[in-house]
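A structural walkthrough
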Amino acid sequence: MKITELVESLAKPLADRLGLELWDVEYVREGADWFLRIYIDKEGGVDIADCEALSRAMDPILDERDPIPDSYHFEVCSAGLERALKRPQDFQRFMGSPVLVKLYRPKNGAKEFPGILAGYTGGDVTLDTAAGPITFTKSEIALVRLRVEF
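**Regarding the overall build of the chain**
Broken down by element type, the chain carries 3 helices and 8 strands. Of the regular secondary structure in the chain, the N- to C-terminal order runs α-β-β-α-β-α-β-β-β-β-β. Dimensions of the chain along its principal axes, counting C-alpha atoms only, are 55 × 35 × 25 Å. Looking at the chain as a whole, 39% of its 150 residues qualify as buried. Put simply, 53% of the contacts in the chain that link residues at least 6 apart link residues at least 24 apart. In the form shown here, the chain has an accessible surface area of approximately 8800 Å², with 51% of it arising from carbon and sulfur atoms. On the chain, the mean spot of the 19 positive side-chain charges and the mean spot of the 26 negative ones are 5 Å from each other.

Written out as structure tokens, the structure reads:
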């Protein structure tokens, strides 16, 4: 089992008990340091007290289970307004919302496409854009995230 999957299985029951939605878990290297991050959400938004509550609940479990043998920084964060969409249920939940699709390689001279999320099938994403609908294959997509419009 991957570190992120194990941590997610440990954090989800705690998040549920605290009235939080576990959005994502990542274990990433940034420079010389490793970071274990848990992203959370809840109706009305997350505040620092929510992050602190889950962090305090997770600390003893991480110490006991010790899923990561090396040194790392542990953070609990809000998923944020411009969160990445990764799972099929993320795409279904935010269908009709403004998003930004980032590609690995340019398509029609661009690597970023803003639009309204109009479809999701097997990893392929369809956007309604000012120029009309456009579909990106899963292999083209580097990232899809919500886009806040002011």
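**With respect to unusual backbone geometry**
One can expect most non-glycine residues to show negative phi and most peptide bonds to be in trans. Positive phi, close to 45°, is recorded for D66, a residue that is not glycine. With respect to the secondary-structure elements, D66 resides in the loop between α2 (48-65) and β3 (73-78). Despite not being glycine, N108 shows a phi value in the positive range, around 55°. Along the polypeptide, N108 turns up in the loop between β4 (98-107) and β5 (110-121).

**Quick word on the sheet that holds strand β6 (residues 124-129)**
Pairing is antiparallel in the open sheet, where 5 strands are placed in the order β7-β6-β5-β4-β8. One side of each edge strand has no neighbouring strand; the edge strands of this open sheet are β7 (132-136) and β8 (141-146). Ignoring which end each strand starts from, the neighbouring axes of this sheet average 40° apart. The sheet contact formed by β4 and β5 spans 6 bridges and is antiparallel. When the bridges of β5 are listed, P98 appears paired with I116.

**Some thoughts on the pattern of salt bridges**
Applying the stated criterion across every chain yields a total of 14 salt bridges. For E75, the salt bridge is made with R37, and the minimal N-O distance between the two is 2.5 Å. You can see E75 sitting in strand β3 and its partner R37 sitting in strand β2 (residues 33-41), a full 38 residues away along the chain. Judged by its relative accessible area of 28%, E75 falls in the partly exposed class. When its relative accessible area of 10% is taken as the criterion, R37 is described as buried. Close ionic contact of R145 with E82 constitutes a salt bridge, the shortest N to O distance being 3.1 Å. With R145 in strand β8 and E82 in the loop between β3 and α3 (88-93), the pair connects residues that are 63 residues apart, well separated along the chain. Within the structure, one salt-bridge network assembled from shared partners comprises E21, D41, R83 and R93.

Analysis parameters
- Residues numbered from 1 in each chain as written.
- Predicted model: local features only at pLDDT ≥ 70, side-chain atom pairs only at ≥ 80, totals over all residues.
- Heavy atoms only, no water.
- Helix = DSSP H or I, 4+ residues; strand = E, 2+ residues; numbered from the N terminus.
- Buried < 20%, exposed > 50% of the residue type's maximum accessible area, 1.4 Å probe, protein only.
- Contact = heavy atoms within 4.5 Å.
- Areas by Shrake-Rupley, 256 points an atom, 1.4 Å probe, with all protein chains shown as cover.
- Lys, Arg positive; Asp, Glu negative; His and termini not counted.
- Charge placed at Lys NZ, Arg CZ, Asp CG, Glu CD.
- Pairing = 2+ DSSP bridges.
- Axes fitted to C-alpha atoms, helices over the stretch in contact; angles between N-to-C directions.
- Salt bridge = Lys/Arg side-chain N within 4 Å of Asp/Glu carboxyl O.

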